[in-house]
Amino acid sequence: MQDTYEPQFLERDAQNFWERRRSFHVTEDPAKPKFYCLSMFPYPSGKLHMGHVRNYTIGDVLTRYYRMRGYHVLQPMGWDAFGLPAENAAMANRVPPAKWTYSNIATMKSQLKSLGFALDWQRELATCKPDYYRWNQWLFTRLFKKGLAYKKTGIVNWDPVDQTVLANEQVIEGRGWRTGALVEKREIPMYFLRITTYAEELLGALDQLSGWPEQVKLMQKNWIGKSEGVRIGFPYELDGKKQILWVFTTRADTLMGATFMAVAAEHPIAEAAAKRDPKVRAFVEQCKKGAVMEAELAQIEKEGVTTGFFVSHPLTGEKLPVWVGNYVLMGYGEGAVMGVPAHDERDFAFALKYGLPIKQVIEHGISIAVRQQIWTKEDYAYYEFDNKQWKPWYEEKEKGVCVNSGKYDRLTYQAAVDAIAADLKQKGLGEKKVQWRLRDWGISRQRYWGTPVPIVHCPSCGDVPVPDKDLPVRLPEDLVPDGTGSPLAKMPQFYETKCPSCGRPAKRETDTMDTFVDSSWYFARFCCPGQENAMIDERANYWMPVDQYIGGIEHAILHLLYSRFFQRVMRDEGLTPSIAEPFTNLLTQGMVLAESYYTDASGRREWVNPADVTVERDAKGNILSAKRAADGTPVVYDGIGTMSKSKNNGVDPQALIDKYGADTARFYTMFASPPTNTLEWSDESVEGSYRFLRRVWDFGYKCSRAKCAPSLDRKIRYAIHAELKKANDDIERQKFNTVASACMKILNALDELPEWDETSREGLSILIRLLSPIAPHIAHHLWRELKFGDDVMQAPWPQPDAAALEQDEIELVVQVNGKLRGSIRVPKAAGRGEIEQLARANPNVQRFVAGQDVKKVVVVPGRLVNLVV
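Our subject in this report is the structure included herewith. Keep in mind it's a predicted model, so treat the numbers as computed, not measured.

On a plain count of helices and strands, the chain comes out with 28 helices and 37 strands. For the C-alpha atoms alone, the extent of the chain along its principal axes is close to 105 × 80 × 65 Å. Restricting to contacts in the chain with at least 6 residues of sequence separation, those with at least 24 account for 71%. Once the 112 positive and 110 negative side-chain charges of the chain are each reduced to a mean point, those two points are 2 Å apart.

Structure representation (structure tokens):
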């Protein structure tokens, strides 16, 4: 055994051993319990970052732990390879996205291998390869025939110069990110997946996901957004025809307080008003260049213009003005909302701004019991109504009673809703309804680097799905986009085809699919490597569902929701007939944080990487000064935040591996913080992790040369097994930081031994196995060099010895007047008198008693002694 710790050599050697043995290649084995561990697969951006290292180390620790516990473990890896960043990089570098993507995959795969992850590479997939996206297309055709995939017009951001659709993040202050042109809203034909069909099931099943964080389940519940309310119709006339403006509200009890209506810019009323009023037309055009997402609309200042049209109140017949509001989306509901300014903060602000009536129809602050009696205003005046300043009228526990509402006065919330809904239904102008915030999933992208939508447009037959025998519709990989629309739409050799039904000339669809489609079923495809004739096969029934899924909280809504939807679609297609939920347990790891620095020259910030900064700190670690290491130029400290390219504060994992080794990178990311917490980067702690691993190696080297005495040290053995017991509890709770800490404490205990004996050998065996999931390379070598066995991964996971945890003495806390003043060790069989005597003799206790009479001594067996003076 070599005397120095050389991680680069050890790690290459261990990785070669695993590759020769095909250590991580697995097939189905019904005789063993299975464990499917999956981390969200990466986008091949070209380089790993520390978030990747942390994420995949968490999965690898679990993979290796369950292997040693006798489980048959699958941990695969692939690439989420389609998407807009590849197109942007292709334009910048003048290379096809395919070339850029495959080159990045090769680089990142090499980096992943250098970290020693226990990945089954025979299952590797890339979503940009035809053998994968073929099945996106195959499933789409099935859903299209069933009506679960369909086409309709949708509103998008349109760049009139580049003639292309822009993602929301590509719209900067209303202009296209590349051209600077004012962005327009346009309605274009798009494909949708009918996820709303599964809304009730997706919502109800969340309560069964006991292994998911409550925060994630709540986020999904809010996104699905089940609301029970009333659909209300407001009659009006347009171009001499009688129409009804429909709205949905969860507060039908406020209907008598409606004083205006607001519609989206695309609503027929708005379009009719725009034709006859230049002011309305200008406002509508302005709205069409604005936000298209609900979250964005919540942040903008609410503005509007009156249309000159009126609707009739369905119960009173009162004429209510219709306004165009920039906060109303045509894609949500039916593009109209009921304005009740006294009881909605947004409507209140809008009414104040434009001088619209504000009518109070709900009163708060009176108990239900009192409401049923004769009462006066003083009985229930909890708020003084003020039409100048908003008051919190809506309360979760106290919805109030109706006032100024005619026949509905004095009714409580539910009674008012029931009565109003019944009256509306009788008039044919409303009914109770359940509405969902969830909308069908628009998957169309007018871009190049994605899965082609397998539809042929025929002048005679309409939209025809591509037959199975003609799949995949291959995406040309040699194109270089120029930013002016999709290259596919300019490529006759791609879009010119024949109708699969009638054989006449037809045009192939040039839209591609949202990349969320790719990531919504990859976990099932991992189960079926080499399958060329089906999307997935019976092997998925063995491995699925994923037992542990790991990834960032940023994917808590869309990716996870779409994956849950796809799993149900695959179930209903008979692909995985008994599996509804794809992920049994979910761990959302925290972000990696780092310090950031910049220089400010001519009002423009230039971000400086922390590795290039020399910092002077005070005794508490606070920064006193910071300078560029190269030239001593002062830099500004900008605090601690998420590692990002934009702030140039990322740590290159490869540089870390080259300097300290992969085990140090792995150990640090597990030791520095619990996996669900943020990890604040510290170069000093990285160095400390390296020193610990070097100490482990040095201890192993010393032991390899020592003669083993036959003795056992009971005290040290107790310390080792006590730490092991705690570590085993913590690893089950995924507290890997305390498992790493236990390794350190076990080594400290071993260092206290006066000689190499059986305690040393047993303790080292426990330490190596406990350390092996976190730092597998050093554990692999020590296990072999110390003759414990050929492969530590084949060894059983260590279990604490109950006999080692038995002690002749126990430790008791000692208090004086209930305050902690020390501790004592007493024989396990000691009686009350002996315990009291030892407590009184404790020097610290004597100091606090200080000659005072002890009035009472309380002994709690096995726990504490309290002296009352």
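This paragraph deals with the environment of Glu532. Summarising the element assignment, Glu532 is placed in the loop between helix 17 (522-525) and helix 18 (539-543). In this structure, the C-alpha to C-alpha distance between Glu532 and Trp135, residues 397 residues apart in sequence, is 9.9 Å. Discounting residues that sit within four places of it in the chain, Glu532 has contacts with Arg134 and Trp135.

An order of 2-1-26-27 is seen for the four strands of this open sheet, with the pairing classed as parallel. In this open sheet, the two strands that pair with only one neighbour each are strand 2 (72-74) and strand 27 (586-589). Neighbouring strand axes in the sheet, compared pairwise and without regard to direction, differ in orientation by 20° on average. As paired elements, strand 1 (residues 34-39) and strand 2 share three bridges and run parallel to each other. Note that in strand 2 the partner of Lys34 across the bridge is His72.

In the segment running from Leu471 into Pro472, the intervening peptide bond is cis, with an omega of 0°. Structurally, Pro472 can be placed in the loop between strand 22 (462-465) and helix 15 (492-495). With omega at 0°, the peptide bond leading from Met544 into Pro545 counts as cis. By the element assignment, Pro545 lies in the loop between helix 18 and strand 26 (548-552). Phi is positive for Arg22, which is not a glycine, with a value near 50°. Relative to the assigned elements, Arg22 resides in the loop between helix 1 (7-21) and strand 1. The class for Arg22 is exposed, based on a relative accessible area of 53%. At Arg94, a residue that is not glycine, the phi angle is positive and equals roughly 55°.

Direction vectors running N to C along helix 22 (residues 683-705) and helix 26 (residues 776-785) enclose 5°, while the axes themselves pass 11 Å from each other. One way to sum up the angle between helix 22 and helix 26 is to call them roughly parallel. Between helix 22 and helix 26, the residues in contact are Leu693, Val696, Trp697 and Gly700 and Ile778, His781 and Leu782, respectively. Classifying every residue of the contact of helix 22 with helix 26 gives five nonpolar, two polar and no charged.

How each quantity is defined
Residues numbered from 1 in each chain as written. Predicted model: local features only at pLDDT ≥ 70, side-chain atom pairs only at ≥ 80, totals over all residues. Heavy atoms only, no water. Helix = DSSP H or I, 4+ residues; strand = E, 2+ residues; numbered from the N terminus. Contact = heavy atoms within 4.5 Å. Lys, Arg positive; Asp, Glu negative; His and termini not counted. Charge placed at Lys NZ, Arg CZ, Asp CG, Glu CD. Pairing = 2+ DSSP bridges. Axes fitted to C-alpha atoms, helices over the stretch in contact; angles between N-to-C directions. Buried < 20%, exposed > 50% of the residue type's maximum accessible area, 1.4 Å probe, protein only. Parallel < 35°, antiparallel > 145°, perpendicular 65-115°, else oblique. Nonpolar A, V, L, I, M, F, W, Y, C, P; charged D, E, K, R; others polar.

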